[in-house]
Every structure is written in structure tokens, then in C-alpha cells.
Amino acid sequence: MNRFQVAGTVRTHQIGRLRVSYVPDGLVKMVPGFLFPATTPEDWVAGARFLDADGWLTVSSGGLLVEHERRAILLESGYGPHPEPVSSPEHGTALMYGGAFVDNLRELGRRPDQIEAVAISHLHLEHFGWAAQPQFAHAEVLLSEAEWAARDAGFGVTPQVVAALEPRFRAITAGEEIFPGVTALALPGHTAGQTGFVLDGGDGTRLLVFADVMHSPIQVTHPGWHLVGEPDPQRSEQTRREILRQLKDESTIGFGIHFADAQFGRPRETPDGLIWEPLP
Ligand SMILES: [Zn+2]
């Protein structure tokens, strides 16, 4: 098994003045041809190292803890307390569960009440799950205005979720610094107002948190593969190519929240094309 085939684990890196940690919550196993409808079985023979022994694509669910001195913010908050696995391969999801988020946060030395805000890229359940739970009821919820306005089109956005998030919701705009060294970035195409984050370490190093611009590291090699069900797949592809262009900068590290156990990494040019190389 390689790191593209297994669930994400707690990993911490230092981006200059910022300490960043992947906080795993759970796992989603997707049917690859469902997620990327234009792909063929041959594409997945060539991309076999991205599939597990059952032929599923491993999509991790979790969040990114960002710490600056005593302060802490979360970027994304996993799927939520749903430890009972859901399985519906006919709808593309072979397996989905969550629940380890708070324990992993504690392992990293933080209690939920020490988190000042949860910034969410977009309103899909595996990104906002824990933000709607009582453990985080004190934390501000940061989201773009366009994404909040289109919440009825979200995934997993029930009336209870809206009631839990609404009193704490604050709209953020592209270019806004939401935490020391953390700036919001528009990532159009995937949903009405998907927002990513640029982390500036203050020493020339950067982390680019690109949310669902890519679901799997195989898209680094195939940025033209369109995801099922996106409102604007062309725009989404443009955004993907722009992110890959920005990641050519040697001082920039990428963060793909769904990238199995390979969240932190960089694209690298090889004779076979561009590949995702996880940080050690
Ligand atoms: Zn997602």
C-alpha cells in the first residue's frame, strides 16, 4: 500500500511562523469512474497506484489546524460524528464515515474551545461537518457570501445545520486576512463560492490550501478530468490549471485536503508528465 491508497494521518509542518497540522476525521472511498465520468478503465490501469485493492479511490476527510503563537484556527472541519459507515457504490460512494476529528485535535494539543474560528471552503458536508456540532458552538464560521447565499444547493445542509451555523456566520472575501498570515482566495467552478486559503509563513514560504480544486493527486497529472456534478466544470479546470501554475513556485507547498495520506506536497515534472510528490 502506498500513501495514495490509505487514509490520512496526523502530520505537522512548519510554514515559517505558522504551525500547520492535518487533522484526520474519516474516510470516503469513491468509485473512480463515477467521480470522473469521462475516464475509461484504461485510465485507471495507468493510474492503478491511486486505487486501493478493491479499485476505490481513497478520499480523506478532515481539516487543517493552523497555529500562530497561542492562537488557533481550523480550515475545514471534516465530515462529523458519523462513525457508522455508509455504503452506496451505485451512487459513487463505496464507503463514508467520520468521527476521529476531536480526538486527533486533542492529540495535537488543542481542545475545541481553543479554536477561535472555523473557515470553510464550501458547503459540502465533509468540509463543514464538525463546525455544526456543539463542541464548536463558540467558534466563528467563516465562509464566502456567495457560498452562504447558495446554501440550499449544498450537500448535507439541513435546517439544523443552517440553525447551527447562521448565528456564527461571518462572510469573508478574497484577499481578506482571516488570521495572522492566512488570506482567503477565490477558487471558482466547484460550487457557487468556493474559497481556498494562502498561508504566508513570513519567511518567503507559503502553503496553498486549494480545497476541492483537486480531489485526488491523479488530477495533478490530468487537470483536464472534470468532476461529476460541478456547476461550472470549465471554470473549475481553469482554476485547477492556475493553482498548478502557482505551485511551480519552489517556495510554495500545496495542501489537498482529500489527498489520501498525501495532503502536503508539490507537483514535480517527470518524463511521464507532472506528478504529485508528497512531502516526506
Ligand atoms: Zn470535498
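Residues numbered from 1 in each chain as written. Predicted model: local features only at pLDDT ≥ 70, side-chain atom pairs only at ≥ 80, totals over all residues. Heavy atoms only, no water.

For clarity, the cut-off: UniProt positions are given in the numbering used here, feature names are shortened, and annotations may be inferred rather than shown by experiment.
Going by an unreviewed UniProt entry, the protein chain carries the name Metallo-beta-lactamase superfamily protein and comes from Pseudosporangium ferrugineum. According to the UniProt record, the Sequence similarities (unreviewed entry) comment for the protein chain is "Belongs to the metallo-beta-lactamase superfamily."

Here's the deal with the coordination of the zinc ion
Test applied: For Na, K and Ca the donor cutoff is 3.2 Å, while for all other metals N, O and S atoms count as donors only within 2.8 Å; water does not appear among the atoms, so some sites may look incomplete. Donor angles set the geometry label: tetrahedral for four donors if every angle is between 85 and 135 degrees, square planar for four and octahedral for six if opposite donors exceed 155 degrees and the others are between 65 and 115, irregular for anything else. Only DSSP runs of H or I covering at least 4 residues are called helices, and only runs of E covering at least 2 are called strands; the numbering of each starts at the N terminus. Categorising residues by exposure relies on relative accessible area from a 1.4 Å probe, with only protein chains included: less than 20% of the type maximum marks a residue as buried, more than 50% marks it as exposed, and the intermediate range marks it as partly exposed.
Only E126 (OE), H127 (NE2), D212 (OD) and H258 (NE2) from the protein reach the zinc ion as donors, at distances of 2.1 to 2.2 Å. What the 4 donor atoms of the zinc ion show is an angle range of 93 to 131° at the metal, which sorts the shape as tetrahedral. Taken in chain order, the donor set of the zinc ion reads E-H-x84-D-x45-H. Taken as a pair, H127 in helix α4 (residues 125-128) and H258 in the loop between β14 (252-255) and β15 (264-270) lie far apart in primary sequence, 131 residues in all. Just as H127 is buried, H258 falls in that class too.

Focus on the nonpolar core
Convention followed: Throughout this description, the term nonpolar core refers to a set of buried Ala, Val, Leu, Ile, Met, Phe, Trp, Tyr and Cys residues connected via side-chain atoms within 4.5 Å. Residue contacts are counted whenever heavy atoms from the two residues lie within 4.5 Å of one another.
Counting 56 residues, the largest nonpolar core has L74 and F136 as its most contacted members. Beyond its immediate stretch of four places on either side in the chain, F136 contacts L74, F101, V102, L105, P112, I115, V118, W130, A131 and R168. Judged by nonpolar contacts, the second largest core, of 25 residues, contains L18, V20, L64 and I172.

Points about the packing of aromatic side chains
Condition: In this analysis, rings of Phe, Tyr and Trp, with Trp reduced to its six-membered ring, are considered paired at centre separations within 6.5 Å, and the interplanar angle assigns stacked below 30 degrees, edge-to-face beyond 60, and tilted for intermediate values.
The tally for this structure, following the rule as stated, stands at 12 aromatic pairs. Chaining the aromatic ring pairs together yields one cluster made of Y22, F255 and F264.

Digging into unusual backbone geometry
You will see that E76, though not glycine, has its phi angle at about 75°, which is positive. Along the chain, E76 falls in the loop between β4 (71-75) and β5 (86-88). Its identity is not glycine, yet A260 carries a phi of approximately 45°, on the positive side. Looking at where A260 falls in the secondary structure, it is placed in the loop between β14 and β15. Residue classification places A260 among the buried positions, given a relative accessible area of 1%.

Quick look at the pattern of salt bridges
Worth spelling out the cut-off: Salt bridge criterion: a side-chain nitrogen from Lys or Arg within 4 Å of a carboxyl oxygen from Asp or Glu.
Applying the stated criterion across every chain, the model contains 11 salt bridges. E242 is the salt-bridge partner of R245, the closest N and O atoms lying 2.9 Å from each other. Highlighted residues: R245 and E242, both in helix α8 (residues 233-246), separated by 3 residues, approximately one helical turn. A relative accessible area of 32% places E242 in the partly exposed class. Connected via shared salt-bridge partners are R19, E67 and R110.

With respect to the sheet that holds strand β12 (residues 195-200)
What links the strands of a sheet is backbone hydrogen bonding, and the strands pair in either a parallel or an antiparallel sense. What counts, and what does not: In this description, strands pair whenever DSSP reports at least two bridges between them. An axis is simply a line fitted to the C-alpha atoms; with a helix, the fit covers only the stretch in contact. Between two such axes, the angle follows the N-to-C directions and lies from 0 to 180 degrees.
An order of β10-β11-β12-β13-β14-β15-β16 is seen for the 7 strands of this open sheet, with the pairing classed as mixed. The open sheet has two free edges, formed respectively by β10 (177-179) and β16 (273-278), since each of these has just one partner strand. Averaged over all adjacent pairs, the angle separating strand axes in this sheet is 35°, with direction ignored. Two strands pair when backbone bridges link them, and β10 and strand β11 (residues 182-186) are joined in this way by 2 bridges, in the antiparallel orientation. Residue pairing across strands places F179 opposite V182, the latter belonging to β11.

Considerations on α8
Where we set the bar: Each residue after the first adds 1.5 Å to the expected span of a helix.
Under the 1.5 Å per step criterion, the end-to-end length of α8 is 20 Å for 14 residues, consistent within 8% with the ideal 20 Å. For α8, the complete set of buried residues consists of S236, E237, T239, R240, I243, L244 and Q246. Those residues of α8 that are buried are in contact with β11, β13 (206-209), α7 (218-221), β14, β15 and β16.

As for the layout of surface pockets
The cut-off we apply is this: The definitions used throughout rest on a 1 Å grid laid over the protein atoms alone, on which a cavity is an enclosed set of points accommodating a 1.4 Å probe that cannot get out and a pocket is an open set flanked by protein within 12 Å on both sides along at least five of seven lines; lining residues are those having an atom within 4 Å of a point. Grid points are joined across faces, edges and corners, and a volume is the space filled by probe spheres set on the points. Each residue is assigned to one class: nonpolar for Ala, Val, Leu, Ile, Met, Phe, Trp, Tyr, Cys and Pro, charged for Asp, Glu, Lys and Arg, and polar for all the others, Gly among them.
By volume, the largest pocket is sized at about 580 Å³. As for the largest pocket, its lining consists of 26 residues, and the residues nearest its centre are H124, E126, F155, H190 and H215. When residues of the lining of the largest pocket are traced back to their parent elements, those giving at least two are β2 (18-30), α1 (32-35) and β6 (93-97). When the residues that make up the lining of the largest pocket are grouped by side-chain class, the tally is 13 nonpolar, 9 polar and 4 charged.

Overview of the pairing of β6
Here β2 runs beside β6; their pairing, made up of 4 bridges, is antiparallel. What sits directly across from M30, in β6, is T93. Both β5 and β6 contribute to a ladder of 2 bridges, which runs antiparallel. Pairing of V86 across the sheet is with M96, part of β6.

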